[in-house]
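Listed below, chain by chain, are the residues.
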Amino acid sequence: MPGAATVRTRLGVIALLVAGNVLGAELTDPYFGEAVYYAQQGYYFEALERLDVELAQHRGLDEPERDALYSHIGQAQFSVGDFELRYRMHHRAGRAIRAVLEGDVDEEVRNDAAFRLARIHFQKDQPEDALHALNRINGRVPENISDDVEFLRANVYMSLGRPSDAVDVLQRLQGSKSLQGFSEYNLGIALLQDGRQREALEQLDRAGQVKAEDQGTLAIRDKANLMLGALLFETADFSDSQRSLDRVRLEGPFSNKALLRAGWADVSAENYQRAIVPWTILVEREATDIAVQEAMLALPYAYSKLNIYGRAALLYGQAVEAFSEELDKVDASISSIREGRFLEALVREEIRQDKDWVIRLRSLPQTPETYYLMALMASHDFQTALQNYLDLEDLRKKLVSWQSGFDAFEDLIRLRRQYYEPLLPEIDSHFRRLDAQMRLRLEQRQNLEKRLQGMLTAPRPDFLATADERILGTRIEGLEARLQASGQAMDTGVQLRLARLRGVLVWNLETDYHARLTETFKHLGELNVVVDILQTQYDAFVRSRQAAMHSYVGYEIPIQRLRARVTEGLERLNLLMASQGHMLETVAINELKSRQQQLETYQNEARYAFADSYDRASKAQAQAKPEVQAGDGAAGEEQG
Amino acid sequence: MKGLDEQVQEIKSDVLSIATELNTLEERLLFPSNTQVAVFISVAEGEEFRLDAVQIKIDGAPVAHHIYSFKELEALQQGGVQRVYSGNIRTGEHELDVSMYGKLASGKDVSETASFRFTKNIEPKLVGVTLAHPNSSSAGIQLGEW
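Computed from a prediction, not measured in an experiment: that's the story for all the values here.

A tally of regular secondary structure across chain B gives 2 helices and 8 strands. Along chain B, helices (α) and strands (β) appear in the sequence α-β-β-β-α-β-β-β-β-β when read from the amino end. Counting every position in chain B, which comprises 146 residues, the buried fraction comes to 49%. A fraction of 64% describes how many contacts in chain B between residues 6 or more apart in sequence connect residues 24 or more apart.

Turning our eyes to something else, we now look at empty space enclosed by the protein. Applying the stated criterion to the full structure yields 2 cavities of 30 Å³ or more. The space that makes up the second largest cavity amounts to roughly 30 Å³. Lining the second largest cavity we find A:Y31, B:E27, B:F31, B:Q36, B:A38, B:R83 and B:S86. If you list the elements that add at least two residues to the lining of the second largest cavity, you get β1 (36-43) and β4 (82-88) of chain B.

Further remarks concern the packing of aromatic side chains. Here the structure, examined in full by the defined rule, presents 14 aromatic pairs over all chains. Between A:Y31 and B:F40, the aromatic rings sit 5.3 Å apart at their centres with planes inclined by 85 degrees, giving edge-to-face as the arrangement. Taken together, the residues A:Y31 in helix α2 (residues 30-40) and B:F40 in strand β1 connect one chain to another. The class of A:Y31 is buried, set by a relative accessible area of 8%. Residue B:F40 is classed as buried on the basis of its relative accessible area of 0%. With 5.5 Å between their ring centres and 35 degrees between their planes, A:F431 and A:Y538 make a pair best called tilted. Taken together, the residues span a long stretch of sequence, with A:F431 in helix α22 (residues 380-457) and A:Y538 in helix α25 (residues 513-550) at a distance of 107 residues.

So, about a negative patch on the surface. Residues and elements named next belong to chain A. Taken together, E321, E325, D328, D331 and E600 make up a surface patch of like negative charges. Looking at the negative patch, the element that brings in the most residues is helix α17 (residues 309-338), giving 4 residues. For D328, the position within the fold is in helix α17.

Okay, the side chain of A:E34 next. Here A:E34 shows up in helix α2. On the basis of relative accessible area, A:E34 is assigned to the buried category, the value being 3%. Those residues in contact with A:E34 that sit more than four places away from it in its chain are A:R50, B:F40, B:V81 and B:R83.

This part is about the layout of surface pockets. Residue and element names in this part refer to chain B. Here the second largest pocket is characterised by a volume of approximately 860 Å³. If you go around the second largest pocket, you meet 35 residues; those closest to its centre are E27, S33, Q36, E123 and P124. Taken together, the residues that form the lining of the second largest pocket break down as 13 nonpolar, 12 polar and 10 charged.

In this section: the pattern of salt bridges. Enumeration according to the criterion identifies 50 salt bridges over all chains in this entry. One salt bridge connects A:R66 with A:E63, and the closest N-O pair in it is separated by 3.6 Å. Given the relative accessible area of 67%, A:R66 is considered exposed. Assessed through its relative accessible area of 41%, A:E63 is described here as partly exposed. For A:R563, the salt bridge identified is with A:E410, shortest N-O distance 2.6 Å. Note that A:R563 is positioned in helix α26 (residues 556-629) and A:E410 in helix α22, a separation of 153 residues in sequence. Salt bridges sharing partners connect three or more residues here, namely A:E34, A:R50, A:E54 and B:R83.

Residue and element names in this part refer to chain B. A sheet is described by the order of its strands in space; here 4 strands give the open sequence β3-β2-β5-β6, paired in antiparallel fashion. Two strands in the sheet have a free side with no partner beyond their single neighbour: β3 (61-67) and β6 (109-120). Ignoring which end each strand starts from, the neighbouring axes of this sheet average 15 degrees apart. Bridge count between strand β2 (residues 50-58) and β3: 6 bridges; the pairing is antiparallel. Pairing of I56 across the sheet is with A64, part of β3.

Here the focus is the interface of chain B and chain A. Where interface size is quoted, it is often the accessible area lost as the parts come together. Taken together, the contact pairs 49 residues of chain B with 62 residues of chain A. At the boundary of chain B with chain A, total buried surface from both sides reaches about 5,100 Å², with 64% on carbon and sulfur atoms. Our enumeration of links across chain B and chain A arrives at 5 salt bridges. When the shortest N-O distance is used, the salt bridge between B:D14 and A:R572 registers 2.5 Å.

Residue and element names in this part refer to chain A. By the secondary structure assignment, T288 is in the loop between α15 (272-283) and α16 (290-305). With a relative accessible area of 4%, T288 lands in the buried category. Within the structure, the side chain of T288 is placed 3.0 Å from the side chain of E286, a separation counted as a polar contact.

All names here are of chain B. Tracing the sequence through the fold places S115 in strand β6. Exposure remark for S115: the relative accessible area of 48% places this residue in the partly exposed category. Dropping the residues within four chain positions of it, S115 is found in contact with E95, L96 and D97. At 2.5 Å, the side chain of S115 forms a polar contact with the side chain of D97.

Another point: helix α12 (residues 215-234) of chain A. Note: α-helices contain 3.6 residues per turn, so residues at a spacing of three or four share the same orientation. Residues and elements named next belong to chain A. With 20 residues, α12 should cover 28 Å at 1.5 Å per step; its first-to-last C-alpha distance of 29 Å lies within 8% of that length. In terms of burial, α12 is largely enclosed, as 16 of its 20 residues are buried. The first or second residue beyond α12 is A236, which carries a positive phi of 65 degrees.

Moving on to the environment of B:V98. All names here are of chain B. With respect to the element layout, V98 can be found in strand β5 (residues 92-103). The class for V98 is buried, based on a relative accessible area of 0%. C-alpha of V98 to C-alpha of P62: the two residues are 36 residues apart in sequence and 9.8 Å apart in space. Excluding anything up to four places from it in sequence, V98 contacts Q55, I56, E112, T113, A114, F116, V129, L131 and I141.

With that settled, consider unusual backbone geometry. Residues apart from glycine generally show negative phi values, whereas peptide bonds are mostly found in trans. Phi is positive for A:N307, which is not a glycine, with a value near 65 degrees. Checked against the element boundaries, A:N307 lands in the loop between α16 and α17.

Bringing the packing of helix α7 (residues 127-135) of chain A against helix α8 (residues 146-159) of chain A into the picture now. Two measures define how a pair of helices packs: the angle their axes make with one another and the distance between the axes. Residue and element names in this part refer to chain A. Their axes nearest at 9 Å, the elements α7 and α8 cross at an angle of 145 degrees. With respect to the hand of their crossing, α7 and α8 are arranged in left-handed fashion. Together, P127, A130, L131, L134 and N135 of α7 and V149, L152, R153, V156, Y157 and S159 of α8 make up the contact between the two elements. Partitioning the contact of α7 with α8 into residue classes produces 8 nonpolar, 2 polar and 1 charged.

A few words now on the pairing of β2(B). Residues and elements named next belong to chain B. In terms of strand pairing, β2 meets β5 through 8 bridges, oriented antiparallel. Counted as the bridge partner of I58 is L96 from β5. Between β2 and β3, which pair antiparallel one after the other, the connecting turn spans 2 residues, and D59 there sits at a positive phi close to 50 degrees.

The subject of this paragraph is helix α10 (residues 182-193) of chain A. All names here are of chain A. Between its first and last C-alpha atoms α10 spans 16 Å; for 12 residues at 1.5 Å apiece the expected length is 16 Å, and the two agree. For α10, a buried count of 11 out of 12 residues is recorded, marking the element as mostly surrounded by other parts of the structure. F182, S183, E184, Y185, N186, L187, G188, I189, A190, L191 and L192 are the residues of α10 that are buried. Buried-residue contacts for α10 involve α8, α9 (163-173), α11 (197-207) and α12.

Reading guide: rules and limits
- Residues numbered from 1 in each chain as written.
- Chains lettered and ligands numbered in written order.
- Predicted model: local features only at pLDDT ≥ 70, side-chain atom pairs only at ≥ 80, totals over all residues.
- Heavy atoms only, no water.
- Helix = DSSP H or I, 4+ residues; strand = E, 2+ residues; numbered from the N terminus.
- Buried < 20%, exposed > 50% of the residue type's maximum accessible area, 1.4 Å probe, protein only.
- Contact = heavy atoms within 4.5 Å.
- 1 Å grid on protein atoms, 1.4 Å probe; cavity = no way out; pocket = protein on both sides within 12 Å on 5 of 7 lines; lining within 4 Å.
- Points joined across faces, edges and corners; volume = space filled by probe spheres on them.
- Phe/Tyr/Trp six-rings, centres within 6.5 Å; stacked < 30°, edge-to-face > 60°.
- Patch = residues over 30% accessible without salt bridge, like charges linked within 9 Å, V, L, I, M, F, W, Y side chains within 5 Å.
- Areas by Shrake-Rupley, 256 points an atom, 1.4 Å probe, with all protein chains shown as cover.
- Salt bridge = Lys/Arg side-chain N within 4 Å of Asp/Glu carboxyl O.
- Lys, Arg positive; Asp, Glu negative; His and termini not counted.
- Charge placed at Lys NZ, Arg CZ, Asp CG, Glu CD.
- Nonpolar A, V, L, I, M, F, W, Y, C, P; charged D, E, K, R; others polar.
- Pairing = 2+ DSSP bridges.
- Axes fitted to C-alpha atoms, helices over the stretch in contact; angles between N-to-C directions.
- Buried area = accessible area lost by both parts, 1.4 Å probe.
- Polar contact = N/O pair within 3.5 Å; in protein donor to acceptor, adjacent residues only side chain to side chain.
- Expected span 1.5 Å × (residues − 1).
- Left-handed = near helix turned anticlockwise from the far one by under 90°.

See below:
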């Protein structure tokens, strides 16, 4: 029995670290917050989907430090590993967590990552690697996991056959609030494996008396009492065994086993009357339970030991009937499973809304295939396979829904194409005309600016002449040219008048130069405002034009590729689901066959015992008759 | 059994990769960045009031209405952020109306509506709405941007 004792791993009790971190820091990336939102609800696929997109975009950036995810990148990478772990993707989780370990992250985050990596190795039956990962923990450890780290270390030592080291670690954990019950129980098991029988019994006795309110601790306390009861029973200490078994709650996962064993402890102490009490309770319980079925034989056995053969015969008779009914159920279950109904029942949506759905499965009408599921669920391999099957079913639904979505995408693209394609040529041609005009004007503005800048160092008053002044200057030049061309001697009067006019013109240009230059710069500034508005409109148009194009061009290949991937994924998934389902069915049928054999054995035993008890009861009755006739009124054993 | 488990992990990984690609494609197709707007809901730190429902209107038109389950509320209280709406709007000024309905620890019903203005530019617009119960130290509904 001690060899068969297993330690409790208590996995899945650690709160999401990421949530604490998000609360503690200013959230800069809402999509990271969205991933946390899904993860906190247990939707790890959706959380990973969101976070994978964010991380892929972040990694593709030239300047990742400007991305919103930058300040959360350590947490995000850690969370990916965490979510993958929770989504039972150990391979990817291991890789992600190793990346965090090797990255430049905070000591606490690195230690947390090492702990999670150790947990993955431990779950995968790789205790050496788990210990190696635990040994990488150095320095500050997040407070919320520090006890869990040591608890895992103790479990790893146990797996490595080093119970003495486990004892040292677990002794330090006694009194840990978060591990209450678990550390006490595991210490008892470690002491047992270390060959320290007396200390182990004392420790399990302590573990069996921890004060508890939550269901997990209550269950482990029951387990400690059951284990202690079994150990004491084996050493023939029946009264102490009985006391320990009595501490197991009447309603709990270990109560049936405890009631059965309590009865046997009484029988071993030859206290048959007392054995009747727990077994009478037990036989009224769910008839598919293995302990209940054993009690159906044990209870009449106790009565027969008390020489109450009539009662024993009656109970054996009931047991024969009950086993017969159970055999029918098992037959129906096997047939139903072979017809594929077991898998159908497992994926029933209304059942999976409840966290105790596996237990509720049994209460479903017309689902005989699920009657014996509880026993199967005790197997870790079956649970893993079942969870995988359910995950595959969820993935299948997603792929089917995506597959139908592609048609909608293509419709959308077709409609957009129909709308934009006739419009765009006319818009483009109009735009080209406007674009040419705009380019010309912008070039003119640029030349003006260049000139004005040049005039700051090399003044050119003539550049700032008004239109009237230019006309005037041209007219003066024209008059001068005409005079020269006529070949007549220059009339001094006319010459002087022309010179005076030019002088006035130059005077005005020179004296107003600075004012005019300032005014021109002011006008240029005003022009810049208009040009900026124009440029914004231009950019907006170009973007809208591009967006119109991008709304229907360039999707064909990605959609084709995705459609092929979804189809191929669905085919693979269906095959895998069939294999996984077949395996579940095989495991279930094998389990049911083994129960069938056991029920047949019980039924045979009950039949023989019934016949024997009936004979003895008849004899006893026959012997009792003369006494009745003698008038003493003794009712005989039937009163029992 | 382990062989199958590994295959299940592989297919999970493949489907996730398809989901990532599909997500990107969907966003590009349905919510181009020049018109994209997304409204995110979060609950102020330490808030314990029971949020029952939220309604969002953009420019007077109701665009989202969500009734919260216990699990969703717990996820919000633990730092999660819910994208309550993704859609498309023109660039420029817009009006956002947020209404929230809930219950205080005392059992008293609370409801509040607040209006905000926001500007949509050419890049995607991410609007954050933080909710708290109106009597607490912070304002009931606050608008933030990402």
